[in-house]
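Read off the chains here:
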Amino acid sequence: MLADFRDKKMTYNNSKISFIIPAYNCADTLVESIESIFKGNFEDGDEVIIVNDASTDKTWQIINDLQKKYPVIEAISHNINKGSAAAGRNTGIDYSKNNLIFCLDSDNVLAPRIVPVLKKYLLENNADVATFGELHFFKDDIKKITHKWIFKDNQIELKDALAGYKWPGPSGNYLFTKRSWLNAGRYNESIGGAYDSWAFGIKQLAMGSKMITMKNSFYYHRAGHESAFIRDKDKIKPSLIALSVLINFLDLIEEEDVDYIMSKEHRYSWFDNLEKRPISLKKSAVGIDGFKTTNLEQKRHLGFMDKVVKKIKYILKK
């Protein structure tokens, strides 16, 4: 367990990257992920932080071997398993010294020399978040791509995230500023599964972060992300989890859609049907550059929120 954190004098003007890798029972995939960082993606001043979430396989041994090969790697180990990649990401970011954060899952792989290009793109566009324009899915061999996700060009807005799950947020592997992480309230460690990354991306957008995609760029995402949504659907209720994320931003959503996602008929299924039935934002909530956090309080109406609270209480009683 990390005993103490570094002096937290945030230096938001530096352009170095902290690569954060949450690791749990990933002995079979971790080496390939870490090696991809050092194939032209790591620059002087960057850092690599692996957070072991009390793995029970040989993950910790693999981490020690990687440190011998790459002494720049820093390793942290939770004393107990915290049960989510979100916890590992938060621990790593807490410990990080750089302004820019790239969270890489321990089973995904970066394309060579692509992250420095992504960083330049973020800085040139004065963005808070920069993502690859594509995800290339694979199973065991990155030379054998099973399928791709291709995102819309340029800026991603909250309305895009509420129109389906094929947007950069759910992937969880992209570049962002530490300030955007703080503004979003960190990763939510109570969600877990395939939804903590989705929730974090939603909160970044809802709190005004500028998220842009870089065309003709990609990383390799191990197949299984989509199935995670399906696998977890019967064990947890994604629509209720998603509602818990949106609860603080419901006043930005059209009241008709608020009624829809809280209705008895759709409260457990609206999230699964986003692509067929997107959630719409109020016109007053969105501008050319998205709504600003300084205006959020002005847009909140007590009567509307009272209505929402009453509906939630009703749902909880069911």
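Coordinates for the structure precede this section.
Rules and cut-offs
Residues numbered from 1 in each chain as written. Predicted model: local features only at pLDDT ≥ 70, side-chain atom pairs only at ≥ 80, totals over all residues. Heavy atoms only, no water. Helix = DSSP H or I, 4+ residues; strand = E, 2+ residues; numbered from the N terminus. Axes fitted to C-alpha atoms, helices over the stretch in contact; angles between N-to-C directions. Parallel < 35°, antiparallel > 145°, perpendicular 65-115°, else oblique. Left-handed = near helix turned anticlockwise from the far one by under 90°. Contact = heavy atoms within 4.5 Å. Nonpolar A, V, L, I, M, F, W, Y, C, P; charged D, E, K, R; others polar.

Caption draft 1: Expanded view of the environment of aspartate 272. Within the fold, aspartate 272 resides in the loop between α10 (255-262) and α11 (302-317). In sequence terms aspartate 272 and glycine 164 are 108 residues apart; their C-alpha atoms lie 8.6 Å from each other.

Caption draft 2: A look at the packing of helix α1 (residues 30-37) against helix α2 (residues 59-69). Running from N to C, α1 and α2 point in directions that differ by 25°, and their axes come no closer than 10 Å. Between α1 and α2, the interaxial angle falls into the category roughly parallel. Every pair of crossing elements has a handedness; the one defined by α1 and α2 is right-handed. Each of Leu30, Val31, Ile34 and Glu35 in α1 lies in contact with α2, whose residues at this interface are Thr59, Ile62, Ile63, Leu66 and Lys69. Here the contact of α1 with α2 is built from residues that sort into six nonpolar, one polar and two charged.

Caption draft 3: Here's a closer look at the packing of helix α7 (residues 196-206) against helix α9 (residues 238-246). Packing of α7 against α9 leaves a shortest axis separation of 10 Å and a crossing angle of 25°. In terms of axis orientation, α7 runs roughly parallel to α9. Two packed elements cross with a definite hand, and for α7 against α9 that hand is right-handed. Side by side, α7 and α9 meet where Trp198, Ala199, Ile202 and Lys203 of the first sit next to Ala242, Val245 and Leu246 of the second.

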